[in-house]
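Each chain, letter by letter, is given below.
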Amino acid sequence: MFSISELGKRFEESDFANFDSRPGAENAEKIARYYADNFEEFGLESILLWGVPGNGKSHLAAAVHNQLRKKRESRRVRFDAGSLEEN
């Protein structure tokens, strides 16, 4: 998956253990961890991470993907690092 994403090798080793939590990102980290740990419970539901640049969204998304990849669940995860623009 990372070979086709814009993030490339930068986030291949991202996980929750090496996440540098920042003020304001604590809830996002908790939610991302819970989502990765309890992926089967979510069915078709997902999570959306948003916030200011530099607060760890990409790292957390990669950590979710990497954890699920280890559990062989990543085939069901879409990791889109595209930007959202306000109109």
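Definitions and limits used
- Along each chain, the written sequence defines residue order, and numbers are assigned to residues from 1.
- Reporting in this predicted model follows two pLDDT cut-offs: at least 70 for local features of residues, and 80 or more for side-chain atom pairs to be given and counted; totals over whole chains, interfaces and linings ignore these cut-offs and use all residues.
- Side-chain descriptors were evaluated using all non-hydrogen atoms of the structure, hydrogens and water having been removed beforehand.
- We count a stretch as a helix when DSSP gives it H or I for four or more residues in a row; a strand needs E for two or more, and each element gets its number in order from the N terminus.
- For a helix, the expected span equals 1.5 Å multiplied by the number of residues minus one.
- Burial classification: accessible surface area is computed with a 1.4 Å probe over protein chains only, and a residue below 20% of its type maximum counts as buried, one above 50% as exposed, and the rest as partly exposed.
- Note on contacts: a residue pair qualifies if any of its non-hydrogen atoms lie within 4.5 Å across the two residues.
- Two rings belonging to Phe, Tyr or Trp (six-membered ring only in the last case) form a pair when the distance between their centres is within 6.5 Å. Interplanar angles under 30 degrees mark stacking, angles over 60 mark edge-to-face geometry, and anything in between is tilted.
- We call a set of buried Ala, Val, Leu, Ile, Met, Phe, Trp, Tyr and Cys residues a nonpolar core when their side-chain atoms join them within 4.5 Å.
- To get an axis, fit a line to the C-alpha atoms, keeping to the stretch in contact for a helix; angles then go from 0 to 180 degrees between the N-to-C directions.
- Convention used here: angles under 35 degrees read as roughly parallel, angles over 145 as roughly antiparallel, angles from 65 to 115 as roughly perpendicular, and any remaining angle as oblique.
- Each crossing gets its handedness from the near helix: less than a right angle anticlockwise from the far helix is left-handed, clockwise is right-handed.
- Each residue gets one label: Ala, Val, Leu, Ile, Met, Phe, Trp, Tyr, Cys and Pro are nonpolar, Asp, Glu, Lys and Arg are charged, and the others, such as Gly, are polar.
- Here, a salt bridge means any Lys or Arg side-chain nitrogen found within 4 Å of an Asp or Glu carboxyl oxygen.

A closer look at helix α2 (residues 57-70)
So, point 1. In this model, α2 (14 residues) spans 20 Å end to end at C-alpha, consistent with the 20 Å of a helix rising 1.5 Å per residue.
So, point 2. Within the span of α2, buried status applies to His59, Leu60, Ala61, Ala62, Ala63, Val64, His65, Asn66 and Leu68.
So, point 3. Looking at the packing, one finds that the buried side of α2 touches α1 (26-37).

Brief notes about the packing of aromatic side chains
So, point 1. Under the defined criterion, the tally for this structure stands at 3 aromatic pairs.
So, point 2. For the ring pair Tyr35 and Phe42, a centre distance of 4.8 Å and an interplane angle of 65° mean the geometry is edge-to-face. The residues Tyr35 and Phe42 share a single accessibility class, namely buried.
So, point 3. Members of the aromatic cluster, each reached through a chain of ring pairs, are Tyr34, Tyr35, Phe39 and Phe42.

A word on the environment of Gln67
So, point 1. Here Gln67 shows up in helix α2.
So, point 2. Contact partners of Gln67, with chain neighbours within four places excluded, come to Phe16, Ala36 and Asp37.

Brief notes about the nonpolar core
So, point 1. Judged by nonpolar contacts, Phe16, Phe19, Ala25, Ala32, Tyr35, Ala36, Phe39, Phe42, Leu60, Ala63, Val64 and Leu68 together constitute the single largest core of 12 residues.
So, point 2. Those elements that place two or more of their residues in this core are α1 and α2.
So, point 3. Per-element tally for this core: the top contributor is α2, with 4 residues.
So, point 4. If we ignore the near neighbours within four places in the chain, the residues touching Val64 are Phe16, Ala32, Tyr35 and Ala36.

Describing the packing of α1 against α2
So, point 1. Following both chains from N to C, one finds α1 and α2 inclined at 15°, their axes separated by 9 Å at the closest point. Between α1 and α2, the crossing angle belongs to the class labelled roughly parallel. Crossing hand, α1 versus α2: right-handed. Contacts between α1 and α2 involve Ala28, Glu29, Ala32, Tyr35, Ala36 and Asp37 from the first element and Leu60, Val64, Gln67 and Leu68 from the second.
So, point 2. Here the residues of the contact of α1 with α2 sort into 7 nonpolar, 1 polar and 2 charged.

Quick notes on α1
So, point 1. Between the first and last C-alpha of α1 there are 17 Å, a value that for 12 residues agrees with the 16 Å anticipated at 1.5 Å per step.
So, point 2. Lining the buried residues of α1 we find α2.

Brief notes about the pattern of salt bridges
So, point 1. In the structure shown here, the tally under the stated rule is 1 salt bridge.
So, point 2. One salt bridge connects Glu29 with Arg33, and the closest N-O pair in it is separated by 3.2 Å. Of this pair, Glu29 and Arg33 both sit in helix α1, 4 residues apart, which is roughly one turn of the helix.
So, point 3. By relative accessible area, which is 13% here, Glu29 ends up buried.
So, point 4. Exposure remark for Arg33: the relative accessible area of 33% places this residue in the partly exposed category.

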